Amino acid sequence: MFSWQATPLRPLTLLGMLIGVVVVLALVLGIVTYLIYFERKVIGWMQGRIGPNRVGPLGLLQSVADVLKLLIKEDIIPANADRALFLLAPVIAFVPSFMVLAVIPYTASHIFTANLNVGLLYYIALSSLTILGIVMAGWASNNKYSLLGGMRSAAQMISYEIPLGLSVLGVVMLAGSLNLVTIVQHQATDRFGWYIIPQIIGFVVFMIAALAELNRTPFDLPEAESELVAGYFTEYSGFRFAFFMLSEYVYVFAISALATTLFLGGWAGPFLPSWLWFAIKTSAIIFFLFWVRATMPRMRGDQLMSFAWKVLIPVALFNVVLTGALSLIG
Amino acid sequence: MFFGMPLTGQTVSFFLLALLIIASGVMLMTLTKVMHMAVALAGVFLGVAGIFILLGADFVGMAQILVYAGAITILMVFALMLTQKGDDTESPEASTGRSLLTLLGVVVFTGIMLLVLRGTTWPYSQSAVDPYTQPTVVLIAQSLYHTYTIPFELLSLILTAALVGSVVIARKED
């Protein structure tokens, strides 16, 4: 295996690393562009509308046009905002969302995957950094709606991070590893098949906590447009606003890819090439997220925290105990 | 070669991380707004996590990011947001005598540290990049749950008792 630590750093090696990063970034931007298109089409379809259909054939260039519009808009910084933090916050929010993609095994041959021994922990640790960016954005905007949105967001994301971490513990116990590549390989040989079957409780908790981590409906209180204007990014415009949207959609993709890896057997599957299997499974989970968004009402603020602490965490703990007991017996 | 060191990914990232830690540390001390300091502190935590990972302790590094850069920083920011009012800039500059004394202290401390660091023979292995035979997660789990099970369980009992106790005391106030 290539070891970047021991290899002398030559310009060509550095160039190779840079090219790899740029390729992944371009890929992610393409995925996010069509994720937004897909979301609008799916929600339109579920609500009996048509969705975007004007720009390009079938409206396929709609998101491109939207992004272009955001990029050429004026970058407004409010006069009373905390300038340094206001500028830095979108970066703090986006960088971790891009970094977590490094550990996800997309194909059987791991072209882009860092074969990290603590891959799962890496994902959970880095995704917690985004909260800092969101809180900073809310605080630096110097706007009461932004501040409220930022605080709600921090409270919600920190609370739901715990059930998210606990729900994947069952998978870790079954596979005996935090390495995502090893977890995928274990699912091929496990007697129950993919971990969605022995870990169905963990999967349900994971999906609920993931929805809350993503700040998506029914957990979109931090950006509830009817009460908070738009939450923590009310004051943002132009490409800084685009950065927040980008990191949100990169997380949608990343958490779906993580769920695929942990519970749906990753890239494994018959006949088709591995990357296509991975794409199909990830798309199915992404479709589920959009489906939930189109059909569920928003949760009430006072139910939100008690649901995380009194329902999700005990259920996830029960799942851990159950998994331990079953693996002792079997 | 760079001052007698091979120019590998490891040395380059070490110097970048050291730069990050020192710069964030200096910013932490010089910035006037408490909220900016919290962000600088997150920078220090991230740099230290990077050093842990460079040393092969990837589990500790990730726990450092999760607990310190993620949770502790957010907790501090949260507390600041809830309590802070109005102007938070600090008191004016210290006097010349105090600055001189500080400089003296720093020089003496640096001298002692250099003397000790230079005088110590450090354990050194030839295949230094990956010093552990097993993944560090496995090693940590074995020492926690096999070798030191009882101290570990006692510690968690004490921590749980402290947690419950703090909740009870906080409830009594209102």
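Cut-offs applied
- Residues numbered from 1 in each chain as written.
- Chains lettered and ligands numbered in written order.
- Predicted model: local features only at pLDDT ≥ 70, side-chain atom pairs only at ≥ 80, totals over all residues.
- Heavy atoms only, no water.
- Salt bridge = Lys/Arg side-chain N within 4 Å of Asp/Glu carboxyl O.
- Helix = DSSP H or I, 4+ residues; strand = E, 2+ residues; numbered from the N terminus.
- Buried < 20%, exposed > 50% of the residue type's maximum accessible area, 1.4 Å probe, protein only.
- Contact = heavy atoms within 4.5 Å.
- Buried area = accessible area lost by both parts, 1.4 Å probe.
- Patch = residues over 30% accessible without salt bridge, like charges linked within 9 Å, V, L, I, M, F, W, Y side chains within 5 Å.
- Areas by Shrake-Rupley, 256 points an atom, 1.4 Å probe, with all protein chains shown as cover.
- Polar contact = N/O pair within 3.5 Å; in protein donor to acceptor, adjacent residues only side chain to side chain.
- pLDDT = per-residue confidence, 0-100.
- Phe/Tyr/Trp six-rings, centres within 6.5 Å; stacked < 30°, edge-to-face > 60°.
- 1 Å grid on protein atoms, 1.4 Å probe; cavity = no way out; pocket = protein on both sides within 12 Å on 5 of 7 lines; lining within 4 Å.
- Points joined across faces, edges and corners; volume = space filled by probe spheres on them.
- Nonpolar A, V, L, I, M, F, W, Y, C, P; charged D, E, K, R; others polar.
- Axes fitted to C-alpha atoms, helices over the stretch in contact; angles between N-to-C directions.
- Parallel < 35°, antiparallel > 145°, perpendicular 65-115°, else oblique.
- Left-handed = near helix turned anticlockwise from the far one by under 90°.
- Core = buried A, V, L, I, M, F, W, Y, C linked by side-chain atoms within 4.5 Å.
- Expected span 1.5 Å × (residues − 1).

Chemist: Give me the pattern of salt bridges: which residues, what numbers.
Modeler: All names here are of chain A. Taken as a whole and assessed by the stated rule, the structure comprises 5 salt bridges over all chains. Of the charged contacts, one joins Arg216 and Glu39 as a salt bridge, the two residues approaching to 2.5 Å between their closest N and O atoms. Placement of Arg216 in the loop between helix H9 (200-213) and helix H10 (225-228) and of Glu39 in helix H1 (residues 11-46) is noted, with a sequence separation of 177 residues between them. As far as the burial class goes, Arg216 and Glu39 line up, both buried. In this structure, Asp66 engages Arg40 in a salt bridge whose closest nitrogen and oxygen atoms are separated by 3.0 Å. Residue Asp66 is located in helix H2 (residues 62-72), and its partner Arg40 is located in helix H1; the two are separated by 26 residues in the primary sequence. One network of salt bridges, with partners in common, ties together Glu39, Arg216 and Arg293.

Chemist: Describe in detail the interface of chain A and chain B, supporting the description with residues and values.
Modeler: Taken together, the 32 residues of chain A in the interface contact 32 residues of chain B. A buried area of about 2700 Å², summed over both sides, lies between chain A and chain B, and 81% of it is on carbon and sulfur atoms. Applying the counting rule to chain A against chain B returns 1 salt bridge. Salt-bridge contacts for A:Asp82 lead to B:Lys33; the nearest nitrogen and oxygen are separated by 3.4 Å. Among the elements of the structure, helix H3 (83-99), helix H4 (119-127), helix H5 (129-140) and helix H6 (144-167) of chain A are those that each provide at least two residues to the side of chain A that touches chain B.

Chemist: Help me get a handle on the side chain of B:His36, residues and values and all.
Modeler: Tracing the backbone through its elements, the reader meets B:His36 in helix H2 (residues 34-54). Classification of B:His36 by relative accessible area gives buried; the value is 17%.

Chemist: How would you summarise a nonpolar patch on the surface if you had to cite specific residues and measurements?
Modeler: There is a patch of nonpolar side chains on the surface, built from B:Leu101, B:Leu104, B:Val108, B:Ile112, B:Leu115 and B:Val116 and spanning about 620 Å² of accessible area. Taking the relative accessible area as the measure of exposure, B:Val108 reaches 45% and is therefore partly exposed.

Chemist: Any details on the side chain of A:Ser159? Residues and values, ideally.
Modeler: Residue and element names in this part refer to chain A. Following the sequence through the fold, Ser159 ends up in helix H6. Polar contacts involving the side chain of Ser159 include one to the side chain of Trp309, which spans 3.4 Å. In this view, Ser159 contacts Met305, Ala308 and Trp309; residues no more than four positions away in its chain are not counted.

Chemist: Go over the confidence of the model for chain A with me, naming the residues and quoting the values.
Modeler: The predicted coordinates should not be examined in detail at positions where pLDDT is low. With 95% of its residues at a pLDDT of 70 or more, chain A shows a mean pLDDT of 85. Highest mean pLDDT in chain A belongs to H9(A) (90); lowest belongs to H10(A) (69).

Chemist: Kindly report on the packing of aromatic side chains, identifying the contributing residues and their values.
Modeler: Residue and element names in this part refer to chain A. Under the criterion given, the structure shown has 19 aromatic pairs over all chains. With a centroid separation of 6.2 Å and an interplanar angle of 75 degrees, the aromatic rings of Tyr34 and Tyr37 are classed as edge-to-face. Residue Tyr34 and its partner Tyr37 are both found in helix H1; the two are separated by 3 residues, about one turn of the helix. Residue Tyr34 is classed as partly exposed on the basis of its relative accessible area of 34%. By relative accessible area, which is 11% here, Tyr37 ends up buried.

Chemist: Provide a residue-level description of the layout of surface pockets, including the pertinent values.
Modeler: Size it by volume and the second largest pocket reaches roughly 1700 Å³. Around the second largest pocket, the lining is made up of 44 residues, and of these A:Leu121, A:Gly165, A:Leu169, B:Phe59 and B:Leu66 lie nearest the centre. Class assignment of the residues belonging to the lining of the second largest pocket gives a composition of 34 nonpolar, 9 polar and 1 charged.

Chemist: Account for the packing of helix H1 (residues 9-30) of chain B against H2(B), with residues named and values stated.
Modeler: Residue and element names in this part refer to chain B. Across the interface, H1 lies against H2 with an axial gap of 8 Å and an inter-helix angle of 155 degrees. In this view, H1 runs roughly antiparallel relative to H2, as classed from their interaxial angle. Considering the relative orientation of H1 and H2, their crossing is left-handed. Here Gln10, Ser13, Phe14, Leu17, Leu20, Ile21, Ser24, Gly25, Met27 and Leu28 of H1 come into contact with H2, specifically with Met37, Ala40, Leu41, Gly43, Val44, Gly47, Val48, Gly50, Ile51 and Leu54.

Chemist: Which residues make up the packing of H4(A) against helix H3 (residues 58-83) of chain B, and what values go with them?
Modeler: The packing of two helices is summarised by the inter-axis angle and the distance between the axes. For the pair H4(A) and H3(B), the least separation of the axes is 8 Å and the interaxial angle reads 25 degrees. Here H4(A) is positioned roughly parallel relative to H3(B), judged by the angle of their axes. Helix-helix and strand crossings are classified by hand; for H4(A) and H3(B) the assignment is left-handed. Facing A:Leu121, A:Tyr122, A:Ile124, A:Ala125 and A:Leu126 of H4(A), the residues of H3(B) in contact are B:Phe59, B:Met62, B:Ala63, B:Ile65 and B:Leu66. Split by residue class, the contact of H4(A) with H3(B) holds 10 nonpolar, no polar and no charged.

Chemist: So what's going on with the nonpolar core? Residues and values would help.
Modeler: Most often, soluble globular proteins have nonpolar side chains that are buried together. Within the largest apolar cluster, 78 residues are counted, with the highest numbers of intra-cluster contacts made by A:Leu101, A:Leu120, A:Tyr123, A:Tyr160, A:Phe206, A:Leu262 and B:Ile65. In terms of residue count, the dominant contributor to this core is helix H11 (residues 238-263) of chain A (13 residues). Setting aside anything within four residues of it in sequence, one finds A:Tyr160 in contact with A:Ala209, A:Ala212, A:Glu213, A:Phe219, A:Leu304, A:Phe307, A:Ala308 and A:Leu312. In terms of nonpolar packing, the next biggest core, distinct from the first, is built from 30 residues, A:Val135, A:Trp139, A:Met157 and A:Ala230 among them.

Chemist: Can you tell me about H5(A), naming the residues and giving the values?
Modeler: Each full turn of the α-helix corresponds to 3.6 residues, which orients residues three or four apart in the same direction. With 12 residues, H5(A) should reach 16 Å at 1.5 Å per residue; the first-to-last C-alpha distance of 17 Å fits that figure. Of all 12 residues in H5(A), 12 are buried; the element is thus mostly enclosed. Here the buried face of H5(A) lies against H3, H4, H6 and H11 of chain A together with H2 and H3 of chain B. Backbone geometry just downstream of H5(A) places A:Asn142 in the positive-phi region, at approximately 60 degrees.

Chemist: Could you give an account of empty space enclosed by the protein, with specific residues and numbers?
Modeler: Residues and elements named next belong to chain A. The full count for this structure, using the stated rule, is 1 cavity of 30 Å³ or more. Around the largest cavity sit 15 residues that line it, and Thr130, Met157, Glu213, Leu214 and Tyr251 are the ones nearest its centre. When residues of the lining of the largest cavity are traced back to their parent elements, those giving at least two are H4, H5, H6 and H11. For the lining of the largest cavity, the element with the highest residue contribution is H11, accounting for 5 residues.

Chemist: Report on the environment of A:Ser63, specifying residues and quantitative values.
Modeler: Residues and elements named next belong to chain A. Structurally, Ser63 can be placed in helix H2. The class for Ser63 is buried, based on a relative accessible area of 3%. Put simply, Ser63 and Ser327 are 264 residues apart on the chain and 48 Å apart in space, counted from C-alpha to C-alpha. If sequence neighbours within four positions are ignored, Ser63 has contacts with Thr33, Ile36 and Tyr37.

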